[in-house]
Amino acid sequence: MKTLTQLTFDNRFARLGDTFSTAVQPQPLSEPHLVVASEAAMALLDLDPTQAELPLFTELFAGHKLWSTAEPRAMVYSGHQFGSYNPQLGDGRGLLLGEVRNQAGAYWDLHLKGAGQTPYSRMGDGRAVLRSSIREFLASEHLHALGIPSSRALCVTGSSEPVYRERQERGAMLLRLAPSHVRFGHFEFFYYTRQHDALRQLLDHVLTCHFPECLQQAEPERTFFTQVVERTAEMVARWQAYGFCHGVMNTDNMSILGITFDFGPYAFLDDFDARFVCNHSDHDGRYSFENQVPIAHWNLAALAQALSPFVAVEQLRETMSLFLPRYEAAWLDLMRQRLGLRTAEDADKALVQGLLQLMQNGAIDYTRFFRELGDSAPEQALRRLREDFIDLQGFDIWARDYQQRSEREGIDQTERQARMHAVNPRYILRNYLAQQAIEAAEQGDYAPVRELHAVLSRPFDEQPGMARYAQRPPEWGKHLEISCSS
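For every chain, the first residue of the written sequence is number 1, and numbering continues from 1 onward in sequence order. Two thresholds apply to this predicted model, a pLDDT of at least 70 for residue-level local features and 80 or more for giving and counting side-chain atom pairs, whereas whole-chain, interface and lining totals are computed over all residues. Excluded from the side-chain calculation are hydrogens and water; included are all heavy atoms of the structure.

Chemist: Looking at this structure, how should I read the overall build of the chain?
Modeler: Elements are defined by DSSP. Helices are runs of H or I of four residues or more, strands are runs of E of two residues or more, and each kind is numbered from the N terminus. Along its length, the chain carries 16 helices and twelve strands. For 486 residues, the compact-globule formula gives about 23 Å, and the C-alpha radius of gyration of the chain, at 23 Å, lands near that figure. With the C-alpha coordinates aligned to their principal axes, the bounding extent of the chain is approximately 65 × 55 × 45 Å. When the 486 residues of the chain are sorted by exposure, 58% land in the buried category. Contacts spanning at least 24 positions in sequence make up 73% of the contacts within the chain whose residues lie at least 6 apart. Charge convention: Lys and Arg are scored as positive, Asp and Glu as negative, and His as well as the terminal groups of each chain are ignored. In this description, the location of a charge corresponds to atom NZ of lysine, CZ of arginine, CG of aspartate or CD of glutamate. With 48 positive and 62 negative side-chain charges, the chain shows a spacing of 1 Å between the two charge centroids. Two things to know: the radius of gyration comes from C-alpha atoms, and the globule rule equals 2.2 Å times the number of residues to the power 0.38. Whether a residue is buried, partly exposed or exposed follows from its accessible area with a 1.4 Å probe, protein chains only, as a fraction of its type maximum: under 20%, in between, or over 50%, in that order. Throughout, a contact is declared for two residues whenever any of their heavy atoms are within 4.5 Å.

Chemist: Explain the packing of helix α9 (residues 323-338) against helix α10 (residues 348-362) to me, please; I cannot follow it from the model alone.
Modeler: Working note: a packed helix pair is described by the angle between its axes plus the distance between those axes. Every axis corresponds to a line fitted to the C-alpha atoms, with the helix fit spanning only the stretch in contact, and the corresponding angles, defined between N-to-C directions, vary from 0 to 180 degrees. The N-to-C vectors of α9 and α10 enclose an angle of 70°; their axes lie 10 Å apart at closest approach. By the criterion of interaxial angle, the relationship of α9 to α10 is roughly perpendicular. Only D348, K349, V352 and L356 of α10 make contact with α9, whose side of the interface consists of E328, W331, L332, M335 and R336. For the contact of α9 with α10, the class distribution of residues is five nonpolar, no polar and four charged. The scheme is simple: roughly parallel for angles under 35 degrees, roughly antiparallel for over 145, roughly perpendicular for 65 to 115, oblique for anything else. Basically, the charged four are Asp, Glu, Lys and Arg, the nonpolar ten are Ala, Val, Leu, Ile, Met, Phe, Trp, Tyr, Cys and Pro, and anything else, Gly included, counts as polar.

Chemist: What is the right way to look at the side chain of N299 in this model?
Modeler: Looking at the element boundaries, N299 is found in helix α7 (residues 292-307). Two N or O atoms form a polar contact when they lie within 3.5 Å of each other; inside protein one atom must be a possible hydrogen donor and the other a possible acceptor, and for residues adjacent in sequence the pair counts only when both atoms belong to side chains. For N299, the side chain forms a polar contact with the main-chain oxygen of M249, separated by 2.9 Å.

Chemist: Is there a simple way to think about the pairing of strand β9 (residues 152-164) in this case?
Modeler: Regular strands have side chains that alternate between both faces of the sheet. Most of β9 is tucked away, with ten of its 13 residues classed as buried. At least two DSSP bridges between two strands are needed for those strands to be called paired. Alignment of strand β2 (residues 33-37) against β9, held across four bridges, turns out to be antiparallel. Paired with V36 across the strands is V156, a residue of β9. Counting the residues in the hairpin turn of β9 and strand β10 (residues 168-178) gives three residues.

Chemist: Looking at this model, I keep getting lost on the packing of aromatic side chains. Mind explaining?
Modeler: To describe a pair of aromatic rings, you give the distance between the ring centres and the angle between the ring planes. Two rings from Phe, Tyr or Trp (for Trp, the six-membered ring) form a pair when their centres are within 6.5 Å of each other. A pair whose planes differ by under 30 degrees is stacked, one over 60 is edge-to-face, and the rest are tilted. Scanning the model with the defined rule gives 25 aromatic pairs in all. When the centroid spacing of 5.9 Å and the interplanar angle of 80° are considered together, the rings of F263 and Y266 count as edge-to-face. A relative accessible area of 7% places F263 in the buried class. Through successive ring pairs, a cluster of aromatic residues spans F272, F289, Y366, F369, F370, F389, F395, W398 and Y402. We call a charge positioned over a ring when the NZ of a Lys or the CZ of an Arg lies within 6 Å of the ring centre and within 35 degrees of the ring normal. Over the aromatic face of W298 sits the side chain of R286, whose NZ or CZ is 4.9 Å from the ring centroid.

Chemist: Which parts of the structure should I look at to understand the nonpolar core?
Modeler: Nonpolar side chains tend toward joint burial in soluble globular proteins. To form a nonpolar core, buried Ala, Val, Leu, Ile, Met, Phe, Trp, Tyr and Cys residues must be joined to one another through side-chain atoms within 4.5 Å. Counting 157 residues, the largest nonpolar core has W67, L154, F187, F224, M359, F369 and W398 as its most contacted members. The element that contributes the greatest number of residues to this core is helix α6 (residues 220-242), accounting for eleven residues. Setting aside residues no more than four positions away along its own chain, F369 makes contact with L355, M359, I364, L385, F389 and W398.

Chemist: Whenever I open this one, α9 confuses me. Can you help?
Modeler: Between the first and last C-alpha of α9 there are 22 Å, a value that for 16 residues agrees with the 22 Å anticipated at 1.5 Å per step. Within α9 the residues assigned to the buried category are F323, Y327, A330, W331, L332, L334, M335, R336 and R338. Each helix should span, by expectation, one fewer than its residue count multiplied by 1.5 Å.

Chemist: In this structure, what is going on with the pairing of strand β6 (residues 94-101)? I would like to understand it.
Modeler: With seven of eight residues buried, β6 is to be regarded as a mostly interior element. Strand direction decides the pairing type here: β6 and strand β7 (residues 107-113), joined by seven bridges, are antiparallel. Among the inter-strand pairings, V100 is bridged to a residue of β7, identified as W108.

Chemist: What should I look at first to understand helix α14 (residues 413-421) in this one?
Modeler: An α-helix turns once every 3.6 residues. As a result, residues three or four positions apart point the same way. Regarding α14, the residues found buried are R416, M420 and H421. Buried residues in α14, looked at end-on, bunch into an arc of 120°, giving them a common side. Check the buried side of α14 and you find it contacts α9, α11 (366-373), α12 (378-385) and α13 (392-409). Capping of α14 at its N-terminal end is provided by D412; its side-chain oxygen lies 3.3 Å from the backbone amide nitrogen of T414. Think of the arc as the fan of directions from the helix axis to the C-beta atoms.

Chemist: Please explain unusual backbone geometry as it appears in this structure.
Modeler: Negative phi is the rule for most residues except glycine; trans is the rule for most peptide bonds. Positioned with a positive phi, E31 is a non-glycine residue whose angle comes to about 45°. Turning to its location among the elements, E31 is positioned in the loop between β1 (21-23) and β2.

Chemist: Which parts of the structure should I look at to understand the environment of R472?
Modeler: Here R472 is to be found in the segment after α16 (447-456). By relative accessible area, which is 40% here, R472 ends up partly exposed. Considering only alpha carbons, one finds R472 and D282, 190 residues apart in sequence, at a separation of 26 Å. Each residue touching R472, except ones within four places of it in the same chain, is listed here: D365, R368, R384, D388 and Y432. At a separation of 3.3 Å, a polar atom in the side chain of R472 contacts the side chain of D388.

Chemist: How do you make sense of the pattern of salt bridges when you look at a structure like this?
Modeler: Two side chains with opposite charge may pair up if their charged atoms get near one another. We define a salt bridge as a contact between a side-chain nitrogen of Lys or Arg and a carboxyl oxygen of Asp or Glu at a distance within 4 Å. All chains considered together, the criterion is met by 49 salt bridges. Here E221 ties to R200 by a salt bridge, and the two come within 3.0 Å at their closest N and O atoms. Linking E221 in helix α6 with R200 in helix α5 (residues 196-210), this pair joins segments that are 21 residues apart in sequence. The salt bridge involving R383 is made with E379; its shortest N-O contact spans 3.6 Å. Taken together, the positions of R383 and E379, both in helix α12 and four residues apart, correspond to about one turn of that helix. R383 gets classed as exposed once you look at its relative accessible area, which sits at 52%. Ionic contacts of the salt-bridge type, sharing partners, join the residues R336, R342, E345, D348, R405, R408, E409, E415 and R419 into one network.

Here you go:
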């Protein structure tokens, strides 16, 4: 394991030069202190977890100190926001401190959010607040624990610095990790500004650093786009299978790696509702839960347009046609697993869709249903779960079909329970749990957010003494308004 001073930087994106980013120094937070850290994320950098206890840890991740080999850069990009093109966005409150190469040879971007103003801040102050920093930290690490591709979060650093949003809040910084912070919007920026030489340079960088296997193919650019389409389809399939709502699926929030990226007003479903909108600013429901699949397809089309100087339009269209079949296959496989089914039958899609419609009509808790379905043998579990449904006749028909389907699997209850509990979380990051931890943190008590992080890092395991985190949410907890403000 390494100390903080032993990290090896190799800043490949910075070497692309000023066309792609601007050198900016982080603006330190006043009176910084550690709020929470992830040992699992630290391990990605080979960092000894005891390093989080050192003053240097807080000083580095609050902008007071910097490694001599780090090269902080604010990246420039554009993107479609709620369907409208914004010609220049960029890192308005974040900085790519540099790229660390770990002992296994893997690269990890160190990206500091809330680091102060940059040339892309527009009229913003460049800061993040404690509330949003905690929310992104919890979501990043929890999604990873659920098996959903995501950027990671190493730590949140708090401060006494006032930051003004809807109200006065305290400033904070989040150190997040990803193999790359290149977005769909990076390609859009150079395409729409007609900087095609720079666009080619960006594409070569991405191919060399993140998709080297594509360079061995006859058409590397098309192969690259194919991989982005497939990875995005599989990521969104996992969102839908686990009830995750991103909230702001703008193209500048879409990673070329197919990982969940740039958290804002996200939420996990409490009661199943396909029309659920988690962002109170999304008045038209563009990014509702049920729209995440078509919006991902729309965003990929925007990326395809930016790649059109290098890939024939007909080839881009053919590649785009791979998205929906890839998504549906991945989603259906995940839903089979959640129902305890190992094999595939033609009627499985109708079985899943029938269940979701019943859950929609009855406002059934999405996470608890699947967990409890695996707690006991199908007949017994279904008898208990029936009490929660409104359409009892419809449920009885579904339950009969499901029980017959389960019997054809031919596995005993012990194996079935183990399989189902391995994919159906007991604990999920509900908005009210995050809100309670945030409220405590805003009063200087960081124990709740640390405990919540620890519980959510093992979402499938029974954890003695933590049953309160698996309870049904209170009614007020189902209706929290979450905004983009951070």
